[in-house]
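Residue-level structural notes
Chain by chain, the residues run as shown.
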Amino acid sequence: MFSRTRVKICGFTRAQDIDAAVQLGADAVGFVFYPKSARMLGTGQAAALRARVPAFVQVVSLFVNASPEFVQEILEQVQPDLLQFHGEESPEQCRQYAHPYLKAFRVGAPGLDTVDGLLEQCLKYGDARGWLMDGYHDAYGGTGTAFDPELIQGLQARLEGRDGLPPLILAGGMRIDNVAERVALHQPYAIDVSSGVELEPGIKCHTKMGQFMQIVSSASLS
């Protein structure tokens, strides 16, 4: 059990939303570099937003099956603290940048629809800084699609007692009305939220962000 559940808020496009998230205590902010997403940032836009993020708040750059050249461009121009791979990137592709990374898994997808299958895939990315559990949808990330909690509970049971493995980060369908239950059930290292605190894709609601942060804080300490 972790002493508190951390929060990453993903999908920023506006400076005022970054400022609000930092003030509200977000542990990390996420920038999306996936062309099919409504939250997609240009390199210059992302660099300007990144410059607003102070020390001790991590910047995470999200990619979906991106070219190595593009990932390297973002590393150089935006200087994220973490890379987040949300597609079918192999362990070798994730490691090639020699940079800390998160690997996302679309829980319920073919091959990830059983505890054994999910565990097998996760263990391939044993050097990741976190395993991010997202809901399965044809799209990638920010869809608000929830995962089957029994699969996560089964995975946690199989991982119990194993040292040195990446912690679990829960995403997919996290909202103000359900996040306390998710935290109580799974006691995750961190929660990743995007659409659950938005007015529309890429436009964050400061009130929702504040409520979300308070609920997670209360739930993780109870």
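Below is a short write-up of the structure. (Residues numbered from 1 in each chain as written. Predicted model: local features only at pLDDT ≥ 70, side-chain atom pairs only at ≥ 80, totals over all residues. Heavy atoms only, no water.)

Following the criterion strictly, the structure yields 12 salt bridges and no others. Of the charged contacts, one joins Asp 81 and Arg 50 as a salt bridge, the two residues approaching to 3.4 Å between their closest N and O atoms. One end of the pair, Asp 81, is in the loop between α3 (68–77) and β4 (82–85); the other, Arg 50, is in helix α2 (residues 43–50), and 31 residues separate them in sequence. On the basis of relative accessible area, Arg 50 is assigned to the buried category, the value being 18%. For Lys 204, the salt bridge identified is with Glu 198, shortest N-O distance 2.8 Å. Here the salt bridges share partners, and the residues they tie into one network are Arg 39, Glu 198 and Lys 204. (Salt bridge = Lys/Arg side-chain N within 4 Å of Asp/Glu carboxyl O. Helix = DSSP H or I, 4+ residues; strand = E, 2+ residues; numbered from the N terminus. Buried < 20%, exposed > 50% of the residue type's maximum accessible area, 1.4 Å probe, protein only.)

Bringing the state of the cysteines into the picture now. Taken as a whole and assessed by the stated rule, the structure comprises 0 disulfides. Unpaired in terms of disulfides, Cys 10 finds its nearest cysteine sulfur in Cys 94, a separation of 16 Å. The class of Cys 10 is buried, set by a relative accessible area of 6%. Cys 122 takes part in no disulfide bond, and the closest cysteine sulfur to it belongs to Cys 94, at a distance of 12 Å. When its relative accessible area of 0% is taken as the criterion, Cys 122 is described as buried. (Disulfide = S-S within 2.5 Å.)

Moving on: the layout of surface pockets. The calculated volume of the largest pocket comes to roughly 510 Å³. What lines the largest pocket is a set of 19 residues, and nearest its centre among them are Phe 2, Gln 156, Leu 159, Glu 160 and Leu 168. Looking at the lining of the largest pocket, the element that brings in the most residues is helix α6 (residues 149–159), giving 4 residues. Of the residues that constitute the lining of the largest pocket, the class distribution is 10 nonpolar, 6 polar and 3 charged. Its volume calculated, the second largest pocket comes out at about 330 Å³. What lines the second largest pocket is a set of 16 residues, and nearest its centre among them are Arg 6, Ala 28, Gln 58, Leu 82 and Tyr 189. Only β1 (6–10) and β3 (58–63) provide two or more residues apiece to the lining of the second largest pocket. The element best represented in the lining of the second largest pocket is β1, accounting for 3 residues. Within the lining of the second largest pocket, the residues separate by chemical class into 10 nonpolar, 1 polar and 5 charged. (1 Å grid on protein atoms, 1.4 Å probe; cavity = no way out; pocket = protein on both sides within 12 Å on 5 of 7 lines; lining within 4 Å. Points joined across faces, edges and corners; volume = space filled by probe spheres on them. Nonpolar A, V, L, I, M, F, W, Y, C, P; charged D, E, K, R; others polar.)

To continue, consider the sheet that holds β1. Pairing within the closed barrel is parallel, and its 8 strands lie in the order β1-β2-β3-β4-β5-β6-β7-β8. For this sheet, the mean angle separating the axes of adjacent strands, direction not counted, is 25°. Relative to strand β2 (residues 28–32), β1 runs parallel, the two being bridged by 3 bridges. The partner of Ile 9 across the bridge, within β2, is Val 29. Sitting on the sheet, α3 touches β3 and β4, and the angle it makes with β3 is about 165°. Relative to β1, helix α8 (residues 206–221) is tilted by about 155°, and along the sheet it contacts β1 and β8 (190–193). (Pairing = 2+ DSSP bridges. Axes fitted to C-alpha atoms, helices over the stretch in contact; angles between N-to-C directions. Contact = heavy atoms within 4.5 Å.)

What follows concerns the side chain of Thr 43. Tracing the backbone shows Thr 43 in helix α2. When sequence neighbours within four positions are dropped, the list of residues in contact with Thr 43 reads Phe 70, Glu 73, Ile 74, Gln 77 and Val 78.

The analysis is restricted to geometry; functional conclusions fall outside its scope.
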